[in-house]
Amino acid sequence: MASVTLEDVVRRVYGTWTGYVLALKMNAGGSQTAEKNLWLQGVTCDYLKSTPDLTSDEFADWIETILDTEFDLILDDGSVDFVAEILVRSSRFIASGNFESLNNCLEKLPSEEVVKNATAASKAEGGDDETSSDEEDDGEQGDGNASGSSGKERGSRTVTDDDGWTTIVSRR
């Protein structure tokens with residue numbers, strides 16, 4: 001395990017972060033999603049190396065800003081805090097040569113296969129409509145069951161607040 005680099009850890013953590021991986025699959029960063037992913041991995045390593053006394057809260061804020069700016073992505077499931085904690089701790093373990101603790105830390109991550117299955121299931125549940133544009137979704141804001149014919153008819157998937165913030169809600 002002594003040959004593990006921070007770059008390896010960052011790649012592994014981002015590669016097993018379900019919400020982020022799903023956002024990548026959905027091209028949340030636009031046509032340059034793949035390039036932005038590689039860029040984020042690189043600047044994450046640089047930031048962790050150049051800021052040894054970084055707290056996980058500060059790092060989570062940094063990650064959230066980049067996800068919002070570059071990928072138009074807001075994850076409010078607590079995963080950003082978990083990822084920030086894992087990366088900050090891993091960075092310190094690597095810097096101190098404590099590879100046993102690093103291994104214990106990385107064992108908490110799901111396997112890439114589990115994440116792949118979860119993102120595939122998310123795509124399958126959502127069908128092809130998951131990639132529809134905002135304009136198309138706005139059409140679903142009506143009563144959602146206009147025909148009133150079937151219980152399987154789709155209901156509204158979006159809720160727009162008074163300030164214009166639109167949230168996509170689960171179909172369940």
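Residues numbered from 1 in each chain as written. Predicted model: local features only at pLDDT ≥ 70, side-chain atom pairs only at ≥ 80, totals over all residues. Heavy atoms only, no water.

What follows is about the overall build of the protein chain. Across its full length, the protein chain holds 8 helices and 2 strands. If you list the helices and strands of the protein chain from N to C, you get α-α-α-α-α-α-α-α-β-β. Out of the 172 residues belonging to the protein chain, those deemed buried represent 33%. Of the contacts formed within the protein chain by residues at least 6 apart in sequence, a portion of 62% connects residues at least 24 apart. Working note: accessible area of the protein chain is about 10,400 Å², and carbon and sulfur atoms make up 48% of it. (Helix = DSSP H or I, 4+ residues; strand = E, 2+ residues; numbered from the N terminus. Buried < 20%, exposed > 50% of the residue type's maximum accessible area, 1.4 Å probe, protein only. Contact = heavy atoms within 4.5 Å. Areas by Shrake-Rupley, 256 points an atom, 1.4 Å probe, with all protein chains shown as cover.)

Turning our eyes to something else, we now look at the packing of helix 4 (residues 56–71) against helix 5 (residues 79–96). Taken N-terminus to C-terminus, the directions of helix 4 and helix 5 make an angle of 125 degrees; their axes are 8 Å apart at the nearest point. Of the possible angle classes, the one that applies to helix 4 and helix 5 is oblique. For the pair helix 4 and helix 5, the crossing hand works out as right-handed. From helix 4, Ser56, Phe59, Ala60, Ile63, Glu64 and Leu67 reach across to helix 5, where they touch Val80, Asp81, Val83, Ala84, Glu85, Leu87 and Val88. Each residue belonging to the contact of helix 4 with helix 5 can be placed in one class, and the counts come to 9 nonpolar, 1 polar and 3 charged. (Axes fitted to C-alpha atoms, helices over the stretch in contact; angles between N-to-C directions. Parallel < 35°, antiparallel > 145°, perpendicular 65-115°, else oblique. Left-handed = near helix turned anticlockwise from the far one by under 90°. Nonpolar A, V, L, I, M, F, W, Y, C, P; charged D, E, K, R; others polar.)

Turning next to the pattern of salt bridges. Inspection of every chain in the model, using the stated rule, returns 4 salt bridges. A salt bridge links lysine 49 to glutamate 7, with the shortest nitrogen-to-oxygen separation between them at 2.6 Å. Here the residue lysine 49 occupies a position in helix 3 (residues 33–50), and glutamate 7 occupies one in helix 1 (residues 6–15), the gap between them amounting to 42 residues. For glutamate 7, a relative accessible area of 30% gives the class partly exposed. (Salt bridge = Lys/Arg side-chain N within 4 Å of Asp/Glu carboxyl O.)

Before going further, it helps to examine helix 3. Given 3.6 residues to a turn, an α-helix orients residues that are three or four positions apart in the same direction. Helix length check: helix 3 (18 residues) gives 25 Å between terminal C-alpha atoms against 26 Å at 1.5 Å per residue, within 8%. Of all the residues in helix 3, the buried ones are Thr33, Lys36, Asn37, Leu40, Gln41, Val43, Thr44, Cys45 and Leu48. Contact partners of the buried residues in helix 3: helix 1, helix 2 (18–25), helix 4 and helix 5. (Expected span 1.5 Å × (residues − 1).)

A few words on the nonpolar core. Core analysis: the largest hydrophobic core is formed by 37 residues, its most contacted members being Tyr14, Trp17, Phe59, Ile63, Leu67 and Leu87. Among the secondary structure elements, those contributing two or more residues to this core are helix 1, helix 2, helix 3, helix 4, helix 5 and helix 6 (99–106). If you tally residues by element for this core, the top one is helix 5, at 8 residues. When residues no more than four places from it in sequence are discounted, the contact partners of isoleucine 63 are Tyr14, Trp17, Val80, Val83 and Ala84. (Core = buried A, V, L, I, M, F, W, Y, C linked by side-chain atoms within 4.5 Å.)

Turning our eyes to something else, we now look at the confidence of the model for the protein chain. Mean pLDDT over the protein chain works out to 79, with 74% of the residues at or above the 70 mark. Long-range and interchain partners of residues 126–154, a stretch whose pLDDT sits below 50, account for 26 contacts in this model, where long-range means more than four residues apart. (pLDDT = per-residue confidence, 0-100.)

Attention now moves to the environment of glutamine 32. Note that glutamine 32 resides in the loop between helix 2 and helix 3. Judged by relative accessible area, glutamine 32 falls into the partly exposed class, the value being 47%. In the structure, glutamine 32 is positioned 39 residues away from phenylalanine 71 in sequence and 9.6 Å away in space, judged by C-alpha atoms.

Below, the discussion takes up unusual backbone geometry. Not every positive phi belongs to a glycine, and asparagine 27 is a case in point at roughly 55 degrees. Structurally, asparagine 27 can be placed in the loop between helix 2 and helix 3. On the basis of relative accessibility, which here comes to 47%, the residue asparagine 27 falls in the partly exposed class. One non-glycine residue, aspartate 72, lies in positive phi territory at about 50 degrees. Mapping aspartate 72 onto the fold places it in the loop between helix 4 and helix 5. You can call aspartate 72 exposed: its relative accessible area is 65%.

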